[in-house]
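Spelled out, the chains give:
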Amino acid sequence: MNYDFDEVIERRGTNSSKWDSCKDVFGRDDIVPMWVADTDFKAPIEVIEAMRKRVEHGIYGYTYRGQSYNETVVDWVKKRHGWDIDSEWITFSPGIVPALSMCVNTFTHPGDKVVIQSPIYPPFQSVVEANGRIKVDNELILRDNHYHMDLDKLREQICIQDSGEFDNRVKMLLLCNPHNPTGRSWNKDELLELGRICVENNILIVSDEIHSDIIYSGHKHIPIASLSEELAQCTITCISPSKTFSLAGLSTSAIIIPNKRIRSMFNNTLETLHIDGGNIFGSIALEVAYKNGEEWLEELLVYLEDNLNFLMKYFEEKIPQIVPIRPEATYLVWLDCSGLGLEGEQLMDFFVNEAKVGVNPGSNFSRRCGSFVRLNIGCPRSTLKEGLKRIEEAVNRL
């Protein structure tokens, strides 16, 4: 490998949410933090050098994104995901969660219904409920250690009870593709059927595809908007280099909206909130990462898949009480801990105070997932080994 993903880089003392917030979040700071969904890898050197050059200029005034910014996004999406997009479709958000919130506020009204599919990244729930919308939870089905969409149930949920007619208060579906926390990379058939339901019932799709570059062997990311012109016209696609290239703190996302009317409405919200400017370093990092970071990414994917294989084998051989749901994408692993006989606060107490490993509680993703936790393997192998060793030893003490 040309890149050293085994390098352990000290992140404490850098205001890292993942490392420096442990005392506040877990009540102790002697844990291995494997929770926040960012990686402990140094960004590509090309990105670092480009930002260093800009720092040395010494003036950091108001900025804008030039044409090369959009062209870089166009080239990346075509090369990595086979989707031909127009540069005019691309707009901006300082992050994908802000984009979700803007979409909810722009395209729905209080009392409208928004579909999510739990277990799901917690902001999907909060951007609906905190803005006075009604959450429709089309829960995923776990079958044979694999998650599936329940599309038959979705059809029932978007109809008025007993009448069978479409409930016109259902305005939007928030899609997570690839899915966080289950790691599903939704296949073409699943996406087409989901899309058909949305097109037929005039439901706007907002697709969070932030993890789309982290795909494992045998799987492929498919942007739902790439499947048909009809789907392109009713979909807002959100991407970012943040998860891929260790750039989350630079708050830069690309929002792809083929429908001119929808794009205009979104941009109006951006301008109204005065958050359309972005920042110098986020724009530079996106362009350089997408132009020059592909070799780095290919090596990262090999390293992450080795991490995943190591974890799967470790649990199977040494901690069979915990069953990982093998992800098809993302560096997040959803762990079924029901074999421990613990859930909710007791399960978190076990991980934090017995194993001394920081994880995300499953109940944050779904009220039905109290016996699950989410664990981040986007770290050097030595960190992963230490975390798994601590879990093994704690299980053996149970």
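In case you missed it, the structure is sitting above this.
Residues numbered from 1 in each chain as written. Predicted model: local features only at pLDDT ≥ 70, side-chain atom pairs only at ≥ 80, totals over all residues. Heavy atoms only, no water.

### Observations concerning the overall build of the protein chain
No. 1: When helices and strands are counted, the protein chain shows 14 helices and 15 strands.
No. 2: Here the C-alpha atoms of the protein chain give a radius of gyration of 21 Å, agreeing with the 21 Å that 2.2 N^0.38 yields for 398 residues.
No. 3: The dimensions of the protein chain, computed from C-alpha atoms along their principal axes, are 65 × 60 × 40 Å.
No. 4: Within the span of the protein chain, comprising 398 residues, buried residues form 56% of the whole.
No. 5: Taking the contacts inside the protein chain whose residues are at least 6 apart along the sequence as the reference set, 73% of them involve residues at least 24 apart.
No. 6: When the accessible surface of the protein chain is summed, it comes to about 17400 Å², and 46% of that surface belongs to carbon and sulfur atoms.
No. 7: Across the protein chain, the mean location of the 42 positive side-chain charges is 2 Å away from that of the 58 negative side-chain charges. (Helix = DSSP H or I, 4+ residues; strand = E, 2+ residues; numbered from the N terminus. Rg over C-alpha atoms; globule rule 2.2 N^0.38 Å. Buried < 20%, exposed > 50% of the residue type's maximum accessible area, 1.4 Å probe, protein only. Contact = heavy atoms within 4.5 Å. Areas by Shrake-Rupley, 256 points an atom, 1.4 Å probe, with all protein chains shown as cover. Lys, Arg positive; Asp, Glu negative; His and termini not counted. Charge placed at Lys NZ, Arg CZ, Asp CG, Glu CD.)

### Some remarks on the sheet that holds strand β12 (residues 332-336)
No. 1: Taken together, the 4 strands give an open sheet; going across it, the order is β11-β12-β15-β14, and neighbouring strands pair in antiparallel fashion. What marks the edges here is a single partner per strand, and that holds for β11 (323-325) and β14 (360-361).
No. 2: Sheet topology places β14 next to strand β15 (residues 372-376); 2 bridges connect them, and they run antiparallel. Each residue of the ladder has a partner; that of P361, found in β15, is V373. (Pairing = 2+ DSSP bridges.)

### Structural notes on unusual backbone geometry
No. 1: Cis geometry marks the peptide bond from S118 to P119, where omega comes out at 5°.
No. 2: In this model, N180 is joined to P181 through a cis peptide bond whose omega is 25°.
No. 3: Its location among the elements puts P181 in the loop between β7 (170-176) and α8 (188-200).
No. 4: Even without glycine at this site, D144 takes up a positive phi of about 55°.
No. 5: Relative to the helices and strands, D144 is located in the loop between β5 (141-143) and β6 (146-148).
No. 6: Residue D144 is classed as exposed on the basis of its relative accessible area of 74%.
No. 7: Of note in this structure, T330 is not a glycine but carries a positive phi near 75°.
No. 8: Relative to the helices and strands, T330 is located in the loop between β11 and β12.

### A few points about the pattern of salt bridges
No. 1: Under the criterion given, the structure shown has 24 salt bridges.
No. 2: Where E139 meets R368, a salt bridge forms, and the shortest distance between an N and an O atom there is 2.8 Å. Note that E139 is positioned in the loop between β4 (134-137) and β5 and R368 in the loop between β14 and β15, a separation of 229 residues in sequence.
No. 3: With a closest N to O distance of 2.8 Å, E386 and R390 form a salt bridge. You can see E386 and its partner R390 sitting in helix α14 (residues 381-397), 4 residues apart, about one turn around the helix.
No. 4: Given a relative accessible area of 23%, R390 falls into the partly exposed group. (Salt bridge = Lys/Arg side-chain N within 4 Å of Asp/Glu carboxyl O.)

### Structural notes on the environment of V74
No. 1: Within the element layout of this structure, V74 appears in helix α4 (residues 67-81).
No. 2: Judged by relative accessible area, which is 17%, V74 ranks as buried.
No. 3: With 182 residues separating them along the chain, V74 and I256 place their C-alpha atoms 9.8 Å apart.

### With respect to the nonpolar core
Across soluble globular proteins, you tend to see nonpolar side chains buried next to one another.
No. 1: Core analysis: the largest hydrophobic core is formed by 73 residues, its most contacted members being V73, L311, I322, F351, I377 and I391.
No. 2: Per-element tally for this core: the top contributor is helix α12 (residues 294-318), with 11 residues.
No. 3: Excluding residues within four positions of it along the chain, I322 makes contact with F315, L335, D336, C337, L340, F351, I391 and V395.
No. 4: Among the nonpolar cores identified, the runner-up in size contains 27 residues, and V170, C234, W334 and F372 belong to it. (Core = buried A, V, L, I, M, F, W, Y, C linked by side-chain atoms within 4.5 Å.)

### Examining the packing of helix α13 (residues 344-355) against α14
No. 1: Interhelical geometry of α13 versus α14 gives an angle of 105° and a closest axis separation of 9 Å. Between α13 and α14, the angle is such that the two are roughly perpendicular. Residues F350, F351, E354 and A355 of α13 lie in contact with α14, whose contacting residues are R390, I391, A394, V395 and R397.
No. 2: Here the contact of α13 with α14 is built from residues that sort into 6 nonpolar, no polar and 3 charged. (Axes fitted to C-alpha atoms, helices over the stretch in contact; angles between N-to-C directions. Parallel < 35°, antiparallel > 145°, perpendicular 65-115°, else oblique. Nonpolar A, V, L, I, M, F, W, Y, C, P; charged D, E, K, R; others polar.)

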